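# Secondary and tertiary structure notes
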2 protein chains.
Amino acid sequence: MTRTLNESEAWEVLRRGKVGQLACIDQGEPYVVPINYLVDESCVYSHSLPGRKISAMRLHPRACLQVSQIQDDFHWQSAIAFGSFEEITGEAARTLILRKLLDHFPRLTPVESQLVRDAEPVPVIAFRLRIDRISGVAEE
Amino acid sequence: MTRTLNESEAWEVLRRGKVGQLACIDQGEPYVVPINYLVDESCVYSHSLPGRKISAMRLHPRACLQVSQIQDDFHWQSAIAFGSFEEITGEAARTLILRKLLDHFPRLTPVESQLVRDAEPVPVIAFRLRIDRISGVAEE
């Protein structure tokens, strides 16, 4: 039976997930890509090399993140969070976030991981989505 | 090693998938939800009860569908297709598509499945995305 999750249950789905689908608006068109993320308080943290989604969100900061946990066809949870993109530009904060992400996702991408480990001045972008709305559904 | 897929490889990823992430624009905001779909020629077919994504695409027909196949962290394929939403309103075409979808996804949703089986005049919406651009990446 499908039921609507309350806000705290939807946050729990978001917190348990590691990979979500990030949708943004690029030149008037929707664009969706998978991302790894971490949740801290009311923000989702992630990283990216420069590219389409970063350029898109710099211009149009609204974003949507969908996360599913699927046990089987009859048991799944899904959360959808809406928020605004903020780039983390302060060097200390940026390094901290990238290291946290690297701890959770040792692979990041091979290029990114090596660069972060070497503490090289790398073009990896750290960003957060400040979530202001979340909903969820589950079948149980 | 990550590599860019050519168009025909990206279509193959799309054709092999069953669940994708559909992004659209709702009141100026990105919105993304998982959908079941079928591919036929250059279109993606799906269904939905009336709701947010249908209302959004009726007003702003551009959509983006992301599909992943993940064997493990080091072996995965991802395709991203862009297209325009078209509702299938002709009764014969609509019934045909809904039956095809039901054959592939016997569950649709419990409410939808029963309604389609009973050939009731139901509010299930059949739609296609006419894909005009596709790309993909893979790690192999």
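Residues numbered from 1 in each chain as written. Chains lettered and ligands numbered in written order. Predicted model: local features only at pLDDT ≥ 70, side-chain atom pairs only at ≥ 80, totals over all residues. Heavy atoms only, no water.

The next subject is the overall build of chain A. Summing up its helical and strand segments, chain A has four helices and eight strands in all. In sequence order, chain A lays out its α and β elements as β-α-β-β-β-β-α-β-β-α-α-β. Residues counted as buried form 49% of the 140 residues belonging to chain A. As displayed, chain A has an accessible area near 6900 Å², and 55% of this comes from carbon and sulfur atoms. (Helix = DSSP H or I, 4+ residues; strand = E, 2+ residues; numbered from the N terminus. Buried < 20%, exposed > 50% of the residue type's maximum accessible area, 1.4 Å probe, protein only. Areas by Shrake-Rupley, 256 points an atom, 1.4 Å probe, with all protein chains shown as cover.)

Below, the discussion takes up the relation of the copies chain B and chain A. Superposing chain B onto chain A takes a rotation of 180° plus a shift of 0.0 Å along the axis, which leaves an RMSD of 0.0 Å. This pairing of chains is accounted for by a two-fold axis. A share of 100% of interface residues in chain B that are also interface residues in chain A marks the association as one of identical surfaces. (Least-squares fit on C-alpha atoms with pLDDT ≥ 70 in both. Contact = heavy atoms within 4.5 Å.)

With that settled, consider the confidence of the model for chain A. Mean pLDDT over chain A: 90, with 89% of residues reaching 70 or higher. The ipTM assigned to the predicted complex is 0.87, against a pTM of 0.89. (pLDDT = per-residue confidence, 0-100.)

Here we come to the interface of chain B and chain A. The interface is formed by 25 residues belonging to chain B together with 25 residues belonging to chain A. Counting each side, the surface lost to burial between chain B and chain A is near 2100 Å², with a carbon and sulfur contribution of 59%. Where E29 of chain A meets R62 of chain B, a salt bridge forms, and the shortest distance between an N and an O atom there is 2.5 Å. Taken together, chain B and chain A are joined by six residue pairs in polar contact (both at pLDDT 80 or more). Counting only elements with at least two residues in the side of chain B that touches chain A, the list comes to strand 2 (19-26), strand 3 (29-36), strand 6 (62-72), strand 7 (75-87) and strand 8 (125-139) of chain B. (Buried area = accessible area lost by both parts, 1.4 Å probe. Salt bridge = Lys/Arg side-chain N within 4 Å of Asp/Glu carboxyl O. Polar contact = N/O pair within 3.5 Å; in protein donor to acceptor, adjacent residues only side chain to side chain.)

Here Q27 of chain A, not a glycine, exhibits a phi torsion of approximately 50°, which is positive. Assessed through its relative accessible area of 77%, Q27 of chain A is described here as exposed. For E41 of chain B, which is not glycine, the phi dihedral falls at a positive 50°. Assessed through its relative accessible area of 71%, E41 of chain B is described here as exposed.

Residues and elements named next belong to chain B. Most of strand 2 sits inside the fold, with seven of its eight residues counted as buried. By the bridge criterion, eight bridges tie strand 2 to strand 3 in an arrangement that is antiparallel. Bridged to L22 within strand 3 is V33. Remark: two residues form the turn of the hairpin made by strand 2 and strand 3, two consecutive strands paired antiparallel; Q27 in that turn has positive phi of roughly 50°. Bridge analysis of strand 2 against strand 6 gives three bridges, and the strand direction is antiparallel. Opposite A23, over in strand 6, you have C64 as the bridge partner. (Pairing = 2+ DSSP bridges.)

Moving on, we come to the packing of aromatic side chains. Within the structure shown, the criterion is met by four aromatic pairs over all chains. Plain terms: the ring middles of F82 of chain A and Y31 of chain B are 6.2 Å apart, the flat faces sit at 5° to each other, and that makes the pair stacked. Highlighted residues: F82 of chain A in strand 7 (residues 75-87) and Y31 of chain B in strand 3, drawn from two different chains. Both residues of the pair, F82 of chain A and Y31 of chain B, belong to the buried class. Judged by centre distance (5.4 Å) and plane angle (45°), the ring pair of F85 of chain A and F127 of chain A falls under tilted. Residue F85 of chain A is found in strand 7, and its partner F127 of chain A is found in strand 8 (residues 125-139); the two are separated by 42 residues along the sequence. With relative accessibility at 8%, the residue F85 of chain A sits in the buried group. (Phe/Tyr/Trp six-rings, centres within 6.5 Å; stacked < 30°, edge-to-face > 60°.)

Glancing now at helix 3 (residues 91-104) of chain A. Residue and element names in this part refer to chain A. Taking 1.5 Å of rise per residue, 14 residues should cover 20 Å, and helix 3 covers 20 Å from first to last C-alpha, within 8% of that figure. All buried positions along helix 3 are accounted for by R94, I97, L98, L101 and L102. Along helix 3, the residues classed as buried sweep out an arc of 135° about the axis, all on the same side. Exposed and oriented more than 90 degrees from the buried face of helix 3 are A92, L96 and D103. (Expected span 1.5 Å × (residues − 1). Arc of directions from axis to C-beta.)

Right, let's get into the environment of I134 of chain A. Residue and element names in this part refer to chain A. With respect to the helices and strands, I134 occurs in strand 8. Between the C-alpha atoms of I134 and C64, which are 70 residues apart in sequence, the distance is 9.5 Å. Setting aside residues no more than four positions away along its own chain, I134 makes contact with E7, A10, W11, L14, I80 and A81.

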